[in-house]
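# Structural description and commentary
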Amino acid sequence: MRIPSPVHKGATPVLVAGDANDDRATDLALYDSPWDPPLLFTGGARAAGGLSKEPERLPEGENVVFGDFDGDGRQDVAVGRSFVNSYDEDDTPHRRGQVSVRYGKDPNKWATMEGGDFKEGFGTRLAAADFNGDGCDDLAVQLTKKKEEGDARIEVLRGGSEHGLGSEPWRATKRSVPGDDGASDGQLFDTHDWDGDGRAELALFGGDRWWITDGTERDEASFPLTPSKNQGS
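Residues numbered from 1 in each chain as written. Predicted model: local features only at pLDDT ≥ 70, side-chain atom pairs only at ≥ 80, totals over all residues. Heavy atoms only, no water.

### Things to note about the overall build of the protein chain
Selection rule: Helix numbering and strand numbering both begin at the N terminus, where a helix is a DSSP run of H or I of at least 4 residues and a strand a DSSP run of E of at least 2. Here, Shrake-Rupley sampling with a 1.4 Å probe gives the accessible areas, and only protein chains in the shown set may cover a residue.
Helix and strand counts for the protein chain come out as 0 helices and 18 strands. As presented, the protein chain carries roughly 12500 Å² of accessible surface, and 46% of it is formed by carbon and sulfur atoms.

Structure follows, in structure tokens:
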């Protein structure tokens, strides 16, 4: 099955798989930019490829993740909208970024949380994972004032409460390395339980350096992109 791209010509859309309606069929979210609302193609359709022909338009935003934030066994959907312009020469609106969440138990309602300060870019990147090992996903949210610059920090919103995600940051982390044009901060790259302890870690990348951190001030690992010849593996 071939689905024509629903985003504008020249776009490089990102695809994210998950189960947004608890029917055990994989759904597909597609997003490209802050100006094109993310689209959700539901799975389980009686069509070639199994995806719905007409997508659902999600709230405006620049990224989408799936995770079980309230611990009810059903996947929830989170959409980040930072309001930071993709081109640094354009001014960012004087407002806070936001994350909109739709919980599987209430599929017709979106809950929206604002974060950070005005023009601080809360929501530029998202990642869902269980950082404290309680069996419920938490949400890592990146804040970046300018997308082409290296200013970034990551805040983690705790999942697992009766109402889902908490609106106040539970953990915050920032990593920086000096550079010729100033410090470069590590940006959110991925999440995974690399050490197998039942709690996920954050992978950050910036200034030709990698960090694997538990989301606090302690690094699990830190290394340059290109290790020196005399450095052990």
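### Observations regarding the sheet that holds strand β11 (residues 153–157)
Selection criterion: By definition, two strands form a pair when at least two bridges between them are found by DSSP. Only the stretch in contact is used when a helix axis is fitted, and all axes are lines through C-alpha atoms; the angle between N-to-C directions ranges over 0 to 180 degrees.
Sheet architecture is open: 4 strands sit in the order β9-β10-β11-β12, paired in antiparallel fashion. Edge positions in the sheet fall to β9 (122–129) and β12 (169–173), since each of these pairs with one other strand and no more. Here the strands of the sheet are splayed against their neighbours by 25 degrees on average, with no regard to which way each runs.

### A short note on the nonpolar core
In plain terms, the rule: The criterion is simple. A nonpolar core is a set of buried Ala, Val, Leu, Ile, Met, Phe, Trp, Tyr and Cys residues joined through side-chain atoms within 4.5 Å. Residue burial is assigned from relative accessible area. The probe radius is 1.4 Å, only protein chains are included, and a residue is buried under 20% of its type maximum, exposed over 50%, and partly exposed in between.
Ranked by size, the top nonpolar core spans 14 residues in total, and within it Ala78, Val99, Val101, Leu139 and Leu165 carry the most contacts. Take this core: its biggest share by element is 3 residues, from strand β10 (residues 138–143). The next biggest cluster of nonpolar side chains, apart from the first, holds 12 residues, and it includes Ala129, Leu188, Ala200 and Leu204.

### Comments concerning the side chain of Asp76
What counts is decided by this rule: Two residue types count as positive, namely Lys and Arg, and two as negative, namely Asp and Glu; His and chain ends fall outside the count. The term salt bridge refers to a pairing of a side-chain nitrogen on Lys or Arg with a carboxyl oxygen on Asp or Glu at a separation within 4 Å. For this analysis, a polar contact is any N or O atom pair within 3.5 Å, provided that within protein one partner can donate a hydrogen and the other can accept it, and provided that sequence-adjacent residues contribute only side-chain to side-chain pairs.
Structurally, the position occupied by Asp76 is in strand β6 (residues 76–81). The side chain of Asp76 sits in the buried core without any salt bridge; Arg74 is the nearest counter-charge, 6.5 Å away. Polar contacts involving the side chain of Asp76 include one to the main-chain amide nitrogen of Gly104, which spans 2.8 Å.

### Remarks on unusual backbone geometry
Unusually for a residue other than glycine, Asp22 sits at a positive phi of about 60 degrees. Tracing the backbone through its elements, the reader meets Asp22 in the loop between β1 (14–18) and β2 (27–31). In this model, Lys119 sits at a positive phi of 65 degrees, which is unusual for a non-glycine residue. Mapping Lys119 onto the fold places it in the loop between β8 (111–115) and β9.

### Focus: the side chain of Thr213
To keep it simple, the criterion reads: Should any heavy atoms of two residues lie within 4.5 Å, those residues are counted as being in contact.
Here Thr213 lies in strand β17 (residues 209–213). Here Thr213 falls in the buried class, since its relative accessible area comes to 0%. Within polar-contact distance, the side chain of Thr213 engages the side chain of Arg175 at 3.3 Å. Discounting residues that sit within four places of it in the chain, Thr213 has contacts with Thr173, Arg175, Glu201, Leu202, Leu204, Arg218, Asp219 and Glu220.

### Concerning the sheet that holds strand β16 (residues 201–206)
The strand order across the open sheet formed by 4 strands is β15-β16-β17-β18, and the pairing between neighbours is antiparallel. Looking along the sheet, the strands with just one partner apiece sit at the ends: β15 (187–192) and β18 (219–224). Averaged over all adjacent pairs, the angle separating strand axes in this sheet is 20 degrees, with direction ignored. Here β15 pairs with β16 via 5 bridges, running antiparallel. The partner of Asp190 across the bridge, within β16, is Ala203.

### A few points about the pattern of salt bridges
Counting across every chain of the model gives 10 salt bridges. Residue Lys174 pairs with Asp185 through a salt bridge whose shortest N-O separation is 2.6 Å. Separated by 11 residues along the polypeptide, Lys174 in the loop between β12 and β13 (176–177) and Asp185 in strand β14 (residues 184–185) bring together distant segments of the chain. A relative accessible area of 6% places Asp185 in the buried class. Across the pair Asp197 and Arg199 runs a salt bridge, and its minimum N-O distance is 3.3 Å. For Asp197, a relative accessible area of 33% translates into the label partly exposed. Taken together, the shared-partner salt bridges in this structure form one network comprising Glu120, Arg153 and Glu155.

### Focus on the environment of Glu155
You can see Glu155 is positioned in strand β11. Note on Glu155: relative accessible area 8%, which makes it buried. For the pair Glu155 and Leu139, spaced 16 residues apart in the sequence, the C-alpha separation amounts to 8.3 Å. Beyond its immediate chain neighbours, meaning those up to four positions away, Glu155 contacts Phe122, Leu139, Ala140, Val141, Leu143, Pro169, Arg171 and Ala172. In this structure the side chain of Glu155 is engaged in a polar contact, spanning 3.0 Å, whose partner is the side chain of Arg153.

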